[in-house]
Amino acid sequence: MTQVVIQEQQRGVIEPELIESVRQTLAEQGTALQNLAQQLDSQQYQNALHLIMNCKGHVILSGMGKSGHVGRKMSATLASTGTPSFFIHPAEAFHGDLGMITPYDLLILISASGETDEILKLVPSLKNFGNRIVAITNKGDSTLAKNADAVLELNMTSESCPNNLAPTTSTTLTMAIGDALAIAMIHQRKFMPDDFARYHPGGSLGRRLLTRVVDVMQRDVPTVKTDAPFKIVIQRITSGCQGMVVVEDAAGNLAGIITDGDLRRFMEKEDELGTATAEQMMTREPLTLPEETMIFEAEEKMQKHRVSSLLVTDKTNKITGLVRIFD
């Protein structure tokens, strides 16, 4: 019983050296990323990007162990940003899954040593199929590198692991290379938020990117006529609970808007409030947007103009609702 208590106490003690180890590991990997950016071979990256850009099939990732886990993440990132991609396990590929690969596919093979047996076994078949190969490795003179059409080197001195064994820095660098390739393709394909939405229809992200303002707008918008007196304006702003009121002319067309801020500014500079009308208080030509506007575009417009709500118009330019930034 005493031994168990002692073990529990020991588990709860975090020595200062461990915190320093965490800090050192982060610093080492940060330095490795900086070195990679400074030492990358521009021609090799240009070759790799050219192959990805002109791939008529899928960009297929493959790797063993931790490299395989990173490969899955790289494939998922590419697929979600407009580059058709999937991951194939090298051992499974060698036992039948090669049938998933067509001559139009590009293979990105990951091996820090460049000598991973399961990866190298794939190369003869891929060559026979006519596939192009991009290698991500730390050894530019490895067997994998010699058989690749483009070689992206990690330029890594050592792993963060004190034994220089556990894949740590190498996986960080590999993942960063995958992200860099995906981002380059986003720029090349001019992949926009609405494109992104097509691949992310679920959850709050998909809702934000696919929802139109007409789907979420407040339809009961308080209004007054241009000749409405000060007291009526106050009553409509209060009862409308929107912090604003739309001002219409005699024909029902949009003439302006009065917000809480407009009201306060008017009260500060005017003494005779009893004879004031909505037309005197309103802001003319308020910001509006069409019903079909995507909600993320409405959000961007509100942030740009530093407002919390926008009026929504239909095809005849009539006010049909109000959208707020928290909608």
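Look up a bit, the structure's there.
Our subject in this report is the structure included herewith. On a predicted model such as this, the values are computed, not experimentally measured, just so you know. (Residues numbered from 1 in each chain as written. Predicted model: local features only at pLDDT ≥ 70, side-chain atom pairs only at ≥ 80, totals over all residues. Heavy atoms only, no water.)

## Some thoughts on the pattern of salt bridges
And then number 1: Applying the stated criterion to the full structure yields nine salt bridges.
And then number 2: K73 is the salt-bridge partner of D179, the closest N and O atoms lying 2.5 Å from each other. Residue D179 is found in helix α9 (residues 169-189), and its partner K73 is found in helix α4 (residues 65-80); the two are separated by 106 residues along the sequence.
And then number 3: A relative accessible area of 29% places D179 in the partly exposed class.
And then number 4: Taking the shortest distance from any N to any O, the salt bridge between R212 and E292 comes out at 2.7 Å. Highlighted residues: R212 in the loop between α11 (203-210) and α12 (213-216) and E292 in the loop between β10 (288-290) and α16 (295-305), separated in sequence by 80 residues.
And then number 5: Residue class for R212 comes out partly exposed when judged on its relative accessible area of 29%.
And then number 6: The exposure class assigned to E292 is partly exposed, which follows from its relative accessible area of 48%.
And then number 7: Linked by salt bridges that have partners in common, R212, D215 and E292 make up one network. (Salt bridge = Lys/Arg side-chain N within 4 Å of Asp/Glu carboxyl O. Helix = DSSP H or I, 4+ residues; strand = E, 2+ residues; numbered from the N terminus. Buried < 20%, exposed > 50% of the residue type's maximum accessible area, 1.4 Å probe, protein only.)

## Quick look at the nonpolar core
And then number 1: Within the largest apolar cluster, 27 residues are counted, with the highest numbers of intra-cluster contacts made by V59, L61, V134, I136, L152 and I177.
And then number 2: Those elements that place two or more of their residues in this core are α2 (16-39), α3 (42-53), β1 (59-63), α4, β3 (106-110), β4 (132-137), β5 (150-153) and α9.
And then number 3: It is α9 that contributes the most residues to this core, five residues altogether.
And then number 4: Beyond its immediate sequence surroundings of up to four residues, I177 is in contact with L36, Y45, I136, L152, E153 and L154.
And then number 5: By size, the runner-up hydrophobic cluster in this structure holds 18 residues, among which are L98, V123, L126 and L144. (Core = buried A, V, L, I, M, F, W, Y, C linked by side-chain atoms within 4.5 Å. Contact = heavy atoms within 4.5 Å.)

## What about the packing of α2 against α9?
And then number 1: Across the interface, α2 lies against α9 with an axial gap of 10 Å and an inter-helix angle of 45°. Compared by their axis directions, α2 and α9 come out oblique. The chirality of how α2 crosses α9 is right-handed. Across the interface between the two elements, Q29, A32, L33 and L36 of α2 pack against T169, T172, L173, A176 and I177 of α9.
And then number 2: For the contact of α2 with α9, the class distribution of residues is six nonpolar, three polar and no charged. (Axes fitted to C-alpha atoms, helices over the stretch in contact; angles between N-to-C directions. Parallel < 35°, antiparallel > 145°, perpendicular 65-115°, else oblique. Left-handed = near helix turned anticlockwise from the far one by under 90°. Nonpolar A, V, L, I, M, F, W, Y, C, P; charged D, E, K, R; others polar.)

## Some thoughts on a nonpolar patch on the surface
And then number 1: There is a patch of nonpolar side chains on the surface, built from I14, L18 and I19 and spanning about 290 Å² of accessible area.
And then number 2: Tracing the sequence through the fold places I14 in the loop between α1 (2-12) and α2. (Patch = residues over 30% accessible without salt bridge, like charges linked within 9 Å, V, L, I, M, F, W, Y side chains within 5 Å. Areas by Shrake-Rupley, 256 points an atom, 1.4 Å probe, with all protein chains shown as cover.)

## A word on the sheet that holds β1
And then number 1: Here five strands make up an open sheet; going across it, the order is β2-β1-β3-β4-β5 and the pairing parallel. Of all the strands in the sheet, just β2 (85-87) and β5 have a single pairing partner and so form its edges. Across the sheet, the mean angle from the axis of one strand to that of its neighbour is 20°, orientation sign disregarded.
And then number 2: Contacts from α9 reach β3, β4 and β5 within the one sheet, and its direction differs from that of β5 by about 125°. (Pairing = 2+ DSSP bridges.)

## Points about a negative patch on the surface
And then number 1: Side chains of D41, E115, D141 and E153 sit close together on the surface and give a patch of like negative charge.
And then number 2: Here D41 is to be found in the loop between α2 and α3. (Lys, Arg positive; Asp, Glu negative; His and termini not counted. Charge placed at Lys NZ, Arg CZ, Asp CG, Glu CD.)

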